[in-house]
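Chain by chain, the residues run as shown.
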Amino acid sequence: SLPFAWLRTRFYYLLIRLYFDQEFSIEEFTRGAKQAFSVVSKLLSQCKLDLLDQLVSAEVLQVLKEKISLLPDNHRDALAADIDAIMYTTEGDVRIYYDDDGMKFVSILMRFWYLNGANLPDEVPGETKVFQIVFGDESTKEKRHLLTANYEFQREFTEGAKPDWTITRIEHPRLLE
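Here is a short report on the structure shown in this document. On a predicted model such as this, the values are computed, not experimentally measured, just so you know. (Residues numbered from 1 in each chain as written. Predicted model: local features only at pLDDT ≥ 70, side-chain atom pairs only at ≥ 80, totals over all residues. Heavy atoms only, no water.)

## Observations concerning the pairing of strand β2 (residues 104–116)
Right, on to step 1. Taking burial as the measure, the 13 residues of β2 include 10 buried ones, the bulk of the element.
Right, on to step 2. Direction of pairing for strand β1 (residues 86–98) relative to β2: antiparallel, over a ladder of 10 bridges. Its bridge partner lying in β2, Y88 is registered against W113. (Buried < 20%, exposed > 50% of the residue type's maximum accessible area, 1.4 Å probe, protein only. Helix = DSSP H or I, 4+ residues; strand = E, 2+ residues; numbered from the N terminus. Pairing = 2+ DSSP bridges.)

## Comments concerning the packing of aromatic side chains
Right, on to step 1. In this structure the tally under the stated criterion is 13 aromatic pairs.
Right, on to step 2. Taking the centre distance of 5.8 Å and the plane angle of 40° together, the rings of Y13 and F24 count as tilted. Pair noted here: Y13 is in helix α1 (residues 2–19) and F24 is in the loop between α1 and α2 (26–45), with a separation of 11 residues, a long-range link. In this structure, Y13 and F24 share a single accessibility class: buried.
Right, on to step 3. The interplanar angle of 50° and the centroid separation of 5.2 Å between the aromatic rings of F20 and F157 together place this pair among those described as tilted. Of the two residues, F20 is situated in the loop between α1 and α2 and F157 in the loop between β4 (141–156) and β5 (165–171); the sequence distance between them amounts to 137 residues. Neither residue differs from the other here; F20 and F157 are each classed as buried. (Phe/Tyr/Trp six-rings, centres within 6.5 Å; stacked < 30°, edge-to-face > 60°.)

## Observations concerning helix α3 (residues 58–68)
Right, on to step 1. Three or more residues of α3 are buried, namely V60, L61, L64 and I68. When α3 is viewed along its axis, its buried side chains cluster within an angular range of 100° and face the same direction. Residues of α3 that are exposed and point over 90 degrees away from its buried face: A58 and E59. (Arc of directions from axis to C-beta.)

## Description of the pattern of salt bridges
Right, on to step 1. The full count for this structure, using the stated rule, is 7 salt bridges.
Right, on to step 2. In this structure, D93 engages R8 in a salt bridge whose closest nitrogen and oxygen atoms are separated by 3.0 Å. Note that D93 is positioned in strand β1 and R8 in helix α1, a separation of 85 residues in sequence.
Right, on to step 3. Looking at R8, the relative accessible area reads 31%, which means it is partly exposed.
Right, on to step 4. Close ionic contact of R10 with E91 constitutes a salt bridge, the shortest N to O distance being 3.1 Å. Residue R10 is found in helix α1, and its partner E91 is found in strand β1; the two are separated by 81 residues along the sequence.
Right, on to step 5. Take R10: its relative accessible area is 29%, and that puts it in the partly exposed class. (Salt bridge = Lys/Arg side-chain N within 4 Å of Asp/Glu carboxyl O.)

## Points about the environment of S69
Right, on to step 1. In this structure, S69 sits in the loop between α3 and α4 (73–79).
Right, on to step 2. By relative accessible area, which is 54% here, S69 ends up exposed.
Right, on to step 3. Here the alpha-carbon distance between S69 and C47, two residues 22 residues apart in the chain, equals 8.0 Å.

Here it is as structure tokens:
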């Protein structure tokens, strides 16, 4: 199934270049997605949801407003991903679709693995691994968590639409549920 998924994803990138955006590059898209993830995750952790208007869909923003206010501080801190702390990024599902009004859309799900020093319990359910990085001696031990997040980016390709990608799904498993 993995080779098939890889081929299918590459086929979708070809379709995007042929029919929607001849300049599309998954490498460039991934760089932009990492930057967007870092900015959005930091704003989420700081509860600055009003600054997310142009980056996140209205539906997702409404759900986030409800969830963020209920989060404990340590979980909110764990949402923030510094761009240099993003260890691995991969694309997930890619979809091309048309709605009933003939509007054209492309959505790309991105998965991010990032290190965060929030004060979380050693055993966070669903967490990949807890790393302890020791600098100098035992007294300066620093604990880092390797956390995951899924962000879906969508762009409308209907003629006349703004060429902006919008985040239409935000998942931080076990932190933001």
